[in-house]
Amino acid sequence: VQLVESGGGVVQPGRSLRLSCAASGFTFNNYTFHWVRQAPGKGLEWVAVISYDGANKYYAGSVKGRFTISRDTSKNTLYLRMNSLRTEDAAVYYCARDADTTMAWNYCYMDVWGKGTTVTVSS
Amino acid sequence: DIQMTQSPSTLSASVGDRVTITCRASQSINTWLAWYQQKPGKAPKLLIYKASSLESGVPSRFSGGGSGTEFTLTISSLQPDDFATYYCQQYNSYWTFGQGTKVEIK
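Source: prediction; values computed, not measured.

Draft legend 1. The arrangement of the overall build of chain B in detail. Assigned secondary structure in chain B consists of 0 helices and 11 strands. Going from the N terminus to the C terminus, chain B shows its helices and strands as β-β-β-β-β-β-β-β-β-β-β. Relative to a compact globule of 106 residues, whose C-alpha radius of gyration would be 13 Å, chain B shows 13 Å and is just as compact. With the principal axes as the frame, chain B shows a C-alpha extent of 35 × 25 × 25 Å. Every one of the 106 residues in chain B was classed for burial, and the buried ones make up 47%. Across chain B, every contact between residues at least 6 apart in sequence was considered, and the portion connecting residues at least 24 apart equals 56%. Entry remark: accessible area of chain B is about 4,800 Å², with carbon and sulfur atoms responsible for 45%.

Draft legend 2. Structural context of the side chain of Thr 77 of chain A. Residues and elements named next belong to chain A. Inspection of the secondary structure puts Thr 77 in strand β8 (residues 77-82). One polar contact links the side chain of Thr 77 to the main-chain carbonyl oxygen of Lys 75, over a distance of 2.8 Å. Not counting chain neighbours up to four residues away, the residues in contact with Thr 77 comprise Ser 20, Cys 21, Ala 22, Phe 28, Ser 70, Arg 71 and Asp 72.

Draft legend 3. Main features of the sheet that holds β8 of chain A. All names here are of chain A. Spatially, 4 strands are ordered β1-β3-β8-β7 in an open sheet, and the strand pairing comes out antiparallel. The open sheet has two edge strands with one neighbour each: β1 (2-6) and β7 (67-72). Each strand axis lies, on average, 15 degrees off the axis of its neighbour in the sheet, ignoring direction. Taken together, the 6 bridges between strand β3 (residues 17-24) and β8 define a ladder with antiparallel strand orientation. Across the sheet, the residue bridging to Leu 17 is Met 82, located in β8.

What counts and how
Note that residues are indexed from 1 along each chain, following the sequence as it is written. Here chains are named by letter from A upward and ligands by number from 1 upward, in the order in which they appear as written. In keeping with the model being predicted, local features are shown solely for residues with a pLDDT of at least 70 and side-chain atom pairs are shown and tallied solely at 80 or more, while totals for entire chains, interfaces and linings include all residues. The basis for every side-chain value is the complete set of heavy atoms in the structure, and neither hydrogens nor water enter the calculation. Only runs of H or I of at least four residues qualify as helices and only runs of E of at least two qualify as strands under DSSP, and these elements are numbered from the N terminus. A radius of gyration in this sense is built from C-alpha atoms; the matching globule rule multiplies 2.2 Å by the number of residues raised to 0.38. Buried means the residue's accessible area, taken with a 1.4 Å probe over protein chains only, is under 20% of the maximum for its type, while exposed means over 50%, and partly exposed covers the values in between. Whether two residues are in contact is decided by their heavy atoms: any pair within 4.5 Å suffices. Each accessible area is a Shrake-Rupley estimate made with a 1.4 Å probe; only the visible protein chains count as cover when residues are assessed. N or O atoms within 3.5 Å of each other form a polar contact, as long as, within protein, one can give a hydrogen and the other can take it, and as long as residues adjacent in sequence are counted only when both atoms are side-chain atoms. Pairing between strands is defined by DSSP: at least two bridges between them are needed. To obtain each axis, a line is fitted to C-alpha atoms, and for helices this fit is confined to the stretch in contact; angles are then taken between N-to-C directions over 0 to 180 degrees.

See the structure below:
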């Protein structure tokens, strides 16, 4: 069971970036996924969620309207498209698997995490 | 939005000590609470879910309790591998983390 993030890097304020999270070792289609971020020296902040079937997507207020979460079942991959990046978006971005296995929309905790990818927003 | 507040922010303790971290929710979350451990440069690791259920593979010295708005994470006998930052997280309505509690060597 593994999640591997990629796509981080250095980007100027106002620009865009797309993060990816490749899943392996389990049935990707059965799970809801999250993005969680951690600014340097700070705590964890939930960013976005996408349900197992892609029908439900929710965002933290700090990123709503700028970030888009999506998934590609053919590639077992989760994405986070980040537009209009701000300096305060700089963080390590983790993808995390929701522990719910009922294939219904339920709030649940996160049982598997990737190692994270670092996003730096600087001019 | 549900706010989560942990105390203390930092805790100094010695190997073998019994350690308790408190997490308070701004409104009732029943027992929809998880605890995670994070070491520097690493991803968070799930320890406890549904307030008191121990995740598979997590040592039994870790235990969780509480319901409603007040919760605790207890380490019965602190081990060298336990020095880390601990986060509570509510999943009653969306997801919110506490600010973290760093357990450091006394």
